[in-house]
Amino acid sequence: MRRRTRQNFVLAAVVALAALAVGLVIRREQAGLGGPLAVVDTASVTHLRVSAGDKPTRVFERRDGQWWMTEPYRMPAHEDAVARLLAIASAAPRQRYAADRFEAARIGLSPPQALLDVDALRLEFGITDAIRGDRYVRTAGGIALLPDRFSGWLLAPAESEIDHRLAAPLAALTGVRVDGQAHPELVAAWNRVTTSQVVAPEAPAAGAVAVELADAQGSRIAFRVWRRDDGRYVALREAPALAYPLEEPQMQQLLPAATGVAPATR
């Protein structure tokens, strides 16, 4: 028993020392980082523009307190996607240099691999360095090395940054029609349903069900809904063309079973 107690004590001490060492490394890294890449009042920003490689340019505008994507789609934007882009400007660089310290072409800044405009602020992104994988970022103040935790946000598909609500941007729904038949009992479900991620459109399967949503102002959204071979469901918005993957429990609330697309159980 004494031997086991000693072993447990030694193990606990080793774990504690390891945790302390990790904490010291994290604090040292944080202490080594300076202020933010740029000082941005995110609450007052009204315009974002992202371009990266051959991907379509994405443009966002804040209107009456709500963010909208205006290119390549004209749709309400997902608030989390906009917040991630805004956070890039506030990230802390590991190092800063004068603008003439590097040859721009050698670090991927001639031309830049990606651009992010936050109102009048422009951030230009180059390659990553070979030591820590930090990315070169050029601003009006010079060149910085920024820990690269954001590249995925710059390269995100435009569809993934659209509001996940299928009824957006309609106001509260007042009507749902399925294959031309009114189904007022489905209004509440369609008014609140969201997808996990909006994706690029795909061709509807044979036998897809037609769904039309309407609000009190007379605005309408048309969908085609079908079940994939993998068992998931898709609601394809007609204009703009966007696909909203859905799960079976959601479909149990969104379509009458008689359509043959929705599950038989309710």
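One can find the structure itself at the top, above this paragraph.
Given the structure is predicted, the values throughout are model-derived calculations rather than measurements.

What counts and what doesn't
- Residues numbered from 1 in each chain as written.
- Predicted model: local features only at pLDDT ≥ 70, side-chain atom pairs only at ≥ 80, totals over all residues.
- Heavy atoms only, no water.
- Helix = DSSP H or I, 4+ residues; strand = E, 2+ residues; numbered from the N terminus.
- Pairing = 2+ DSSP bridges.
- Core = buried A, V, L, I, M, F, W, Y, C linked by side-chain atoms within 4.5 Å.
- Buried < 20%, exposed > 50% of the residue type's maximum accessible area, 1.4 Å probe, protein only.
- Contact = heavy atoms within 4.5 Å.

Caption draft 1: View of unusual backbone geometry. Note the cis peptide between Ala 168 and Pro 169, where omega equals 5°. Within the fold, Pro 169 resides in the loop between helix H3 (151-154) and strand S10 (173-178). A cis amide bond links Ala 239 to the next residue, Pro 240, at an omega of -10°. Residue placement: Pro 240 occurs in the loop between strand S14 (233-237) and strand S15 (242-246). Positive phi outside glycine occurs at Asp 64, with the angle close to 50°.

Caption draft 2: View of the sheet that holds S14. Pairing within the open sheet is antiparallel, and its 6 strands lie in the order S11-S10-S12-S13-S14-S15. In the strand order of this sheet, the two ends are held by strand S11 (181-182) and S15, each with one partner. Bridge analysis of S10 against S11 gives 2 bridges, and the strand direction is antiparallel. Bridge assignment links Val 178 to a residue of S11, and that residue is Gln 181.

Caption draft 3: Layout of the sheet that holds strand S5 (residues 95-97). The sheet built from 9 strands is open, its strands ordered S4-S3-S2-S1-S6-S7-S8-S9-S5 with antiparallel pairing. Where the open sheet ends on each side, the last strands, each with one partner, are strand S4 (75-76) and S5. Here 4 bridges tie strand S1 (residues 47-52) to strand S2 (residues 58-63), and the two strands are oriented antiparallel to one another. Looking at S2, one finds that Arg 49 is bridged to Val 59.

Caption draft 4: Quick look at the nonpolar core. In this structure, Trp 190, Val 211 and Phe 223 are the most contacted members of the largest nonpolar core, which totals 57 residues. No other element matches the 5 residues that helix H2 (residues 79-90) contributes to this core. Not counting residues up to four positions away in its chain, the partners in contact with Trp 190 are Leu 166, Ala 167, Leu 173, Val 176, Val 211, Leu 213, Phe 223, Val 225 and Leu 254.

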